[in-house]
Amino acid sequence: MDAAQEAQKREAFRHLVLNALERRLFFIPSFKIYRGVAGLYDYGPPGCAVKANVLAFWRQHFVLEENMLEVDCPCVTPEVVLKASGHVDKFTDLMVKDEKTGACYRADHLLKDYCKEKLEKDPKLSEEKAAELKHVLAVLDDLSSEELGAKIKEYGITAPDTKNSLSDPYPFNLMFQTSIGPSGASTGYMRPETAQGIFVNFKDLYYYNGNKLPFAAAQIGQAFRNEISPRQGLLRVREFTLAEIEHFVDPDDKSHPKFAEVSKLEFLMFPREDQVSGRQARRIVIGEAVSQGIVNNETLGYFIGRVYLFLTLLGIDKDRLRFRQHLANEMAHYAADCWDAEIECSYGWIECVGIADRSAYDLHAHTDKSRVELVAHEKYAEPKEVEKLVITPIKKDLGLAFKGNQKMVVEALLSMEEKEAMELKATLEEKLEAEFRVCTLDKVVTIKKNMVSISKEIKKEHQRTFTPSVIEPSFGIGRIIYCLYEHSFYTRASKDGDELLNVFRFPPLVAPIKCTVFPLVQNQQYEEVAKSIARSLTAVGISYKIDITGTSIGKRYARTDELGVPFAITVDSTTSVTVRERDSKQQIRVDVDKVSSLMKEVTDGVSTWPDVLWKYPTHSS
């Protein structure tokens, strides 16, 4: 099968899945009666249930298992917080405009689409040209706005809808801006991630945890990105749910006490060296990846292993899941190592979880901006003699020179790192004055030798003070759920063989409804039994759907199979019922008074369907 046929097959499969999802109300385009808004979707009843189940399992698998501290912070974030984190200045994509209609497009997406279409659909493409296009795709994230614009012009790329010429690329900030309060004086943004709320609360969380490291804080919440031209359906949206963990750890000790629990796991990994040399992803044991230095440290490796278990237990196909290491050009300058959990679906390999060692960047950034020290302490068993930097601002001389700005200049001097301070000392000794940038004033001032004393002294220390590093697993919940939909979907022939029926093979863990209750025929006694079973299911916390319509049992099975309901209880007597499993279609007979406890067993994962098959008599339909 060539690339074009493969692309058509993927598109046809995606159409089937999306049709089933929308028809059964897993999702609905938002504001549909007003023709909708690109990049905004509503979850319908089964979609809400799947999402709630995924998040409940996330809490169980991470928050409870690791004894994490869960917080819930506002979506509206003051500008100063996002200025410190770098989002105000750097959270941008390059955009181009249709020069006649003003329609906006992401510049890198247009170039990427052009290259992919040529490679997949142009039979006359020379080997040399194909190699060039593949190289462009490989370095796409590295291209500057000028280089991106030059490629768009070189290839004659135009606006997709009108074929009009395009403007030069320019940066567009992806945050939704708002104002806090009626005056408009306080600028805010809808948060683009939940992490900053955790970072700014570090000091209080550290205290709450008994001033001990390591510890992790977690948050589930909405995030917002004003995408230039949302596409890929449910995968690239403007409002979405993130589940993020910030694991704070001593930068000198990134071992993990529970690493042995995941160290023998083997799964597809795609290290940086393999990507650069053109090799494919390969199965690697995570313990070996850490010991060989492929993964930077044990804590990062531990979370990669836990993410693998989380995704596969949800129902993600382990053969279509890989962990790809960021290339050098993708890594932030401060990051020690970054991996993405990528899931293959009809759109290709999609990043669904990012697992990054962000070093101490975020806490440093907020310390510098807020002047509140976000640090941890390690007490020594015995005092240690250490060489310490001592900065002593001469407040009288600084006051005469800077008057009302004296306090901010003093704070800036005291917050200098050792290297900067010693460079300032050398300049003052040589030239008697030096230029010095004060961030809070947003200007450079002149410091004279008589205004500050900088020296190093031997001091006894009883504790070490340091800024913790952060290991951050960040989960795009909507992306995971969409990939789960695709991985769970299949079709099978009806009993008569005259049509294909849709089935979602959700594990009981995430299924929107755990079981259905059907009286076989419309009969007062059977309906009473069905209602009694429904009450007992409610009592043990099992979601169900009861259907007392006169529709044939085969059609009722088909309807619930398409919702991904794993079990169907059919009432065909007053003392016992049949229980049918969705995928095998096998049936067993169970006493009425035992059926709710059986459903609790299999939906909670205490027993599997093969476990119960031998306990109960089978039933032939």
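Bear in mind the structure is a predicted one, so any value in this text is a computation, not a measurement.

Could you give an account of the sheet that holds strand 27 (residues 576-581), naming the residues involved and the relevant values?
Ordered in space as 25-24-26-27-28, the five strands form an open sheet in which the pairing is mixed. Edge strands, defined here as strands with exactly one partner in the open sheet, are strand 25 (544-546) and strand 28 (587-591). Between one strand axis and the next, the sheet turns through 25 degrees on average, direction left out of account. One ladder, built from five bridges, connects strand 26 (residues 567-571) with strand 27; its direction is antiparallel. By the bridge assignment for strand 27, Thr570 is matched with Thr578. Contacts between helix 19 (residues 553-561) and the sheet are confined to strand 24 (515-519), strand 26, strand 27 and strand 28, with strand 24 contributing the most and set at about 165 degrees to the helix. Running over the sheet, helix 20 (residues 595-603) touches strand 24, strand 26, strand 27 and strand 28 and is turned about 170 degrees from strand 26.

Go over the pairing of strand 26, please, and point to the residues and values.
Taken across its five residues, strand 26 has five buried, putting it largely inside the fold. Because side chains alternate across strand 26, one face comprises the buried residues Phe567, Ile569 and Val571, and the other comprises Ala568 and Thr570, equally buried. With five bridges connecting them, strand 24 and strand 26 associate as parallel partners. Bridge pairing in strand 26 places Pro519 opposite Val571. Hairpin connection from strand 26 to strand 27: four residues lie between these consecutive antiparallel strands.

Could you give an account of the sheet that holds strand 11 (residues 239-249), with specific residues and numbers?
If you trace the nine strands from one edge of the open sheet to the other, you get 3-10-11-21-16-15-14-12-13, paired in mixed fashion. What marks the edges here is a single partner per strand, and that holds for strand 3 (69-70) and strand 13 (282-285). In terms of strand pairing, strand 12 (residues 266-270) meets strand 13 through four bridges, oriented antiparallel. Bridge pairing links Glu266 to Val285 in strand 13.

Conventions used here
Residues numbered from 1 in each chain as written. Predicted model: local features only at pLDDT ≥ 70, side-chain atom pairs only at ≥ 80, totals over all residues. Heavy atoms only, no water. Pairing = 2+ DSSP bridges. Helix = DSSP H or I, 4+ residues; strand = E, 2+ residues; numbered from the N terminus. Axes fitted to C-alpha atoms, helices over the stretch in contact; angles between N-to-C directions. Contact = heavy atoms within 4.5 Å. Buried < 20%, exposed > 50% of the residue type's maximum accessible area, 1.4 Å probe, protein only.

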